[in-house]
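Per-entry structural report
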Amino acid sequence: KIAKTNLGSGTASVAFTSGIDSTYGTYLITCENVQVATDNTQFNMQFYIGGSLADGSVYQYHHHSSHSGNGSYEAQNETQASPATQIQLMNSRGNGAGEGACGQILIIAPSDTDMFAQAHWKLSGGRDDASVNTGDGIAMYTAGVEALTGVLFKCGSGNIADGTFTLYGLAN
């Protein structure tokens, strides 16, 4: 375990700005009981590239989502023609009792400058209509081949109300 953040009250974002480097080939971030303050919002992520937050139109991602409310499968993506300013990990997050999200994000070879920085994720939790929601996908920073040095989590609107975020380095 490299770092752990326990929220006891709301915050605009949670960031790991150190601890992701060439020490490990793969990093795992676990999210436990992540609750949002605003109903029907997204749970998003951005990368730190070379120590700076990459908040421009620099991300491509594909995100799968399904929920028990109607059994439908939804997909969200941002392409090379229309890159995103952040990565949507889950949509339609609920802020009711029991609607917290949990899961994991993998960051593989963050220091490799021969490929785009990328992350893979699998999350689940309660949706804004109280149905069970899953979100999984892959994202890449495509503005260059630079080292990924950190991550930032935030909501599409409102604060992250509560939750625990833990960063692990996995042995090569």
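Up top is the structure these notes are about.
One structure accompanies this document, and this report is about it. This structure is a prediction, so every number in the text was calculated from the model and none was measured.

Some thoughts on the pattern of salt bridges
Inspection of every chain in the model, using the stated rule, returns one salt bridge. For aspartate 136, the salt bridge is made with lysine 122, and the minimal N-O distance between the two is 3.6 Å. Here aspartate 136, found in strand 11 (residues 132-141), pairs with lysine 122, found in strand 10 (residues 118-126); they are 14 residues apart in sequence, far enough to count as distant. With relative accessibility at 45%, the residue lysine 122 sits in the partly exposed group.

Here's the deal with the packing of aromatic side chains
Following the criterion strictly, the structure yields six aromatic pairs and no others. Between the aromatic rings of phenylalanine 43 and phenylalanine 153, the centroid separation amounts to 5.8 Å while the plane-to-plane angle is 15°, which identifies the pairing as stacked. Of this pair, phenylalanine 43 sits in strand 4 (residues 41-49) while phenylalanine 153 sits in strand 12 (residues 148-155), and the two are 110 residues apart along the sequence. Phenylalanine 153 matches phenylalanine 43 in its accessibility class, with the two residues each being buried.

Overview of the pairing of strand 4
The buried fraction of strand 4 amounts to eight of the nine residues, a majority that puts the element mostly inside the structure. Examined bridge by bridge, strand 4 and strand 12 share seven bridges and lie antiparallel to one another. Residue glutamine 46 lies in a different strand from strand 12, and its bridge partner there is leucine 152. Here strand 4 runs beside strand 5 (residues 52-53); their pairing, made up of two bridges, is antiparallel. Counterpart to isoleucine 49 in the pairing with strand 5 is serine 52.

What about the nonpolar core?
In this structure, Phe47, Phe153 and Phe165 are the most contacted members of the largest nonpolar core, which totals 37 residues. Among the elements that line this core, the one with the most residues is strand 3 (residues 26-36), at five residues.

Section: unusual backbone geometry
Backbone geometry at asparagine 33 places phi at a positive 50°, although glycine is not the residue there. The topology assignment puts asparagine 33 in strand 3. The backbone phi angle of serine 92 is positive, close to 50°, even though this residue is not glycine. Secondary-structure assignment places serine 92 in strand 8 (residues 87-93). The exposure class assigned to serine 92 is buried, which follows from its relative accessible area of 12%.

Overview of the environment of alanine 119
By the secondary structure assignment, alanine 119 is in strand 10. We classify alanine 119 as buried; its relative accessible area is 0%. In this structure, the C-alpha to C-alpha distance between alanine 119 and glycine 163, residues 44 residues apart in sequence, is 20 Å.

What counts as what
Residues numbered from 1 in each chain as written. Predicted model: local features only at pLDDT ≥ 70, side-chain atom pairs only at ≥ 80, totals over all residues. Heavy atoms only, no water. Salt bridge = Lys/Arg side-chain N within 4 Å of Asp/Glu carboxyl O. Helix = DSSP H or I, 4+ residues; strand = E, 2+ residues; numbered from the N terminus. Buried < 20%, exposed > 50% of the residue type's maximum accessible area, 1.4 Å probe, protein only. Phe/Tyr/Trp six-rings, centres within 6.5 Å; stacked < 30°, edge-to-face > 60°. Pairing = 2+ DSSP bridges. Core = buried A, V, L, I, M, F, W, Y, C linked by side-chain atoms within 4.5 Å.

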